[in-house]
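# Report on the structure
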Amino acid sequence: MSRLLPAARAAFVIAIAVFGLLLAAEWNPLQAQSRGEYVPITDAMILDPDPDDWIMWRRTLDGWGYSPLKQIDRDNVGELRLVWTRAMGAGSQQATPLVYDGVMYLPNPSDLTQAIDAVTGDLLWEHRQNVPDDIAKWVGGLETTNRSLALYGNYVFDTSADDYIYALDATTGRTAWETQIFDHTVHPARQSSGPFIANGKLISGRSCRPLAGPVSCVITAHDPTTGEHLWSTRLIPAPGEPGDETWGDVPYEERVHVGAWMVPSYDPALDLIYMGTSVTSPAPKFMLGGTRNKHLYHNSTLAISGDTGEIAWYYQHLIDHWDLDHPYERMLVETAVTPDPSEVSWINPRLQPGERRRVVTGIPGKTGVVYTLDRETGEFLWANPTINQNVINNIDGATGEVQENGEVVFTAVGQAVTACPSLSGGKNWDAGAYSPDTHLMYFSLRNTCAEQMATDQGTLYELASRRMIAPGTENLGTVRAISVETGDTVWLHEQRAASAALVATGGGLIFGGDYNGRFRAFDQETGEVLWEINLGSPHTGYPITYAVDGRQYVVASTGSAANASSMMRLTPELVPSAGNNIFVFALPD
C-alpha cells in the first residue's frame, strides 16, 4: 500500500511526537536546512552529477566510485587533517554518505537517516523509521544494516527493515510517502541496501528469506513521486516462465533465497539496469533437485529493462554450492578489449584484439574472478581469477559456460571439502573503483579458504564452515589494480588486515581503509601508500569525496559489521575497537 501524508497529517504527527507518542516514524528537525533554497535533483543531474556532489551510491550510474575532484593530490595528500567527526547510530555500519549542495545525507544503522552540514558536521535533521521491535525474528540478521540512500526531486529515499520503501522531504526530514513492499511477517526480506534511481524510477533489490518462499525474491520499481509500484522482476522463475525448467522437480514454493541485495548500475542509452544475484538456500545443489540444474537466476548478472522490468539477458557466473554470492558492483566502461593471453585465463576466441566494446566489468562475486561482458548482449569476453580460488575449473571462452570443480561439489550430507575462497569471500560488499585517468579498476580482496561440510540441520545454507587464511600467505588483505583493457594486474598491495571499500579521485589517488582501522591514500599508478591514519575501528563504510565552496573533503566511516567480524577472527592479534563513527578530512585552510 502507498500513502501520501498531507500537511495536516504531518503536523499532527509532529505534534504528538512532542508528547512522546510514536506513530509510523520519528522526525527530529533540529534547525532549518542551512545552505539556501533546495534545488530539486533532476534526471539531468543524475546523468551528469556536479563534480562537487556525491548524489548516489557510487556517485555515477556506471558504478565507477570515481570523483573528478583533484584539489587533494599526490603532492599534498600528506597534509590531510581531520575537519569533523560524529558518532553514528548503533548496529551494523556499512554506510555510503551522500552529499548534495553542502548537505550530507547519512544512512545510519537501524533505519536512522540524518542530514548534516557537510562543512561543520552540525546535525540539521534526523528521521528514524519506526520498525517492529521483533524485526530480527522475521528477517534473521542484518536488520540494522543500511548501506545507501537515493536522492531525487525533493526527496531522500530509503527502504526499511520491515519491507517499506519511503520518501523524506530533503529539507525537513518529514515523511512524504511510504509504500509497503511486503508484509514482513508473511514474506520477509532483508532491505540492507537502499534504492537507486534509474530511468526516473526507484529500483530496489533485497535478500529474500526462506520463510517468504520465492515471492519476495524480486527486484522492484516504484514511482519516486507517489510511491506507486510500477513493476517487479522475479529472480526465481515461476512455472511456465523461461528458466522454470532449470530447477528440475523442485516445487515452486520451495525455491528460495535468490536475492539481489546490492545496488545496481544503469546504462541510460540502452535503458538497462545491471544487477547481480545471490546463492540459493540451501547452497548445496544436491539438496535442490540435483547438481546439474542451473537454478536460475542465482549467481547471475541480469540486464533488466528500466521501462518494463523485463530481463533482456542474463549471464550465470557460477552454479554455487558454497555461498559464494555474486551481487556486487558492476562497472560500465567503453574500452578497447585486448585481454592479455599471458595473464588472462579465459578469453572469447572471437575477439578481435583492440576492438572497442561497451562492457560491464568488475569482480561481481565472492570468487574474486574478474568478468568482462558485452553490456548490450551479455556476450562473454574474458574472465580471470585474482585470489586463490578452487571452485571454478574452466570457463569456455566461446560460450562463457562455467565448469565447476567437481572435487569440491557436495553430493551428500556429511561430505567435507576445502573451498577457496571462504563464504566470507575473496570479494564482498566492500566496493571497488574505476579511474578513467588510468583505465584501471581497483579492488579490495581477501585471501581466504574454508573447510566446509554439507549438513542437514535446518540452517540457512546447510553448510558448516571453518574459515582460514589461504595457504601460502599470512596476508589476509590485498588491494589490486587491474587493467580494464588487458586484464593485467598493474600493482598489488598486500597486508595482514582485511582491506575494505575504495574510492578513486581525479587527484591520482585511491582512498580506502582496512579492518584494523587504518585509512590510506594510495597512488593510483603505483600503489604506493602516500598517507595513512589510524581511525581506531574497522573501516566498514564506503569512502567518498565531495567539495563545498571550493574545498575538497574526504570521508571515511568505521564500525562493526558481520563480514568485518568474520575477517577479524582470522587476524586475532589485531584488536581495533568497534565504534560507529564518521570522519571527514580536508587540507588545511
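Just above sits the structure.
Here we summarise the structure given alongside this text. Keep in mind the model is a prediction, meaning the values are calculated, not measured.

A word on the nonpolar core. With 106 residues, the main nonpolar core has Met104, Tyr105, Phe511 and Tyr546 as its most contacted residues. In terms of residue count, the dominant contributor to this core is strand E43 (residues 581-586) (5 residues). With 30 residues, the next largest nonpolar core counts Ala303, Tyr315, Tyr371 and Val391 among its residues.

Attention shifts here to the pattern of salt bridges. Across all of its chains, the model carries 21 salt bridges by this definition. Residue Glu376 pairs with Arg358 through a salt bridge whose shortest N-O separation is 3.2 Å. Separated by 18 residues along the polypeptide, Glu376 in the loop between strand E26 (369-374) and strand E27 (380-385) and Arg358 in strand E25 (residues 356-362) bring together distant segments of the chain. Using a relative accessible area of 46% as the deciding quantity, one classes Glu376 as partly exposed. When salt bridges with common partners are traced through the structure, they connect Arg350, Glu355, Arg357, Asp374 and Glu379 into a single cluster.

If you walk across this open sheet you meet the 4 strands as E31-E32-E35-E36, and the pairing is antiparallel. In this open sheet, the two edge strands, each paired with only one partner strand, are strand E31 (433-435) and strand E36 (489-495). Shown here is a sheet whose adjacent strand axes are inclined to one another by a mean of 20°, direction ignored. As judged from the 3 bridges shared by E31 and strand E32 (residues 440-446), these two strands associate in the antiparallel manner. Paired with Ser435 across the strands is Leu440, a residue of E32.

On to the state of the cysteines. One pass over the structure, following the stated rule, counts 2 disulfides. Each sulfur of the disulfide joining Cys208 and Cys217 lies 2.0 Å from the other. Disulfide Cys208-Cys217: the torsion about the S-S bond is 100°, which places it as right-handed. Judged by relative accessible area, which is 0%, Cys208 ranks as buried. Residue Cys217 is classed as buried on the basis of its relative accessible area of 1%. The residue that forms a disulfide with Cys420 is Cys449, at a sulfur-sulfur distance of 2.0 Å. Every disulfide takes its handedness from the sign of the S-S torsion; for Cys420 and Cys449 that torsion is 105°, giving right-handed. In this pair, Cys420 is assigned in the loop between strand E30 (416-419) and E31 and Cys449 in strand E33 (residues 448-454), connecting sequence segments 29 residues apart. Overall, Cys449 belongs to the buried group, its relative accessible area being 0%.

Rules behind the numbers
- In this numbering scheme, every chain counts its residues from 1 along its sequence in written order.
- Restriction of local features to residues with pLDDT of at least 70 applies here, the model being predicted, together with a cutoff of 80 or more for giving and counting side-chain atom pairs; totals for whole chains, interfaces and linings are based on all residues.
- Processing note: side-chain calculations cover all non-hydrogen atoms of the structure and skip hydrogens and water entirely.
- We call a set of buried residues a nonpolar core when its members are Ala, Val, Leu, Ile, Met, Phe, Trp, Tyr or Cys and they connect through side-chain atoms within 4.5 Å of each other.
- Partly exposed describes any residue whose relative accessible area lies between the buried limit of under 20% and the exposed limit of over 50%, with all areas from a 1.4 Å probe on protein chains only and scaled to the type maximum.
- Secondary structure elements follow DSSP: runs of H or I of four or more residues count as helices, runs of E of two or more count as strands, with numbering from the N terminus.
- One side-chain nitrogen of Lys or Arg within 4 Å of one carboxyl oxygen of Asp or Glu is enough to make a salt bridge.
- Should DSSP find at least two bridges between two strands, the strands are taken to pair.
- Convention adopted: a line fitted to C-alpha atoms gives each axis, helices being fitted over their contacting stretch, and angles between N-to-C directions are expressed from 0 to 180 degrees.
- Disulfides are defined as pairs of cysteine sulfur atoms found within 2.5 Å of each other.

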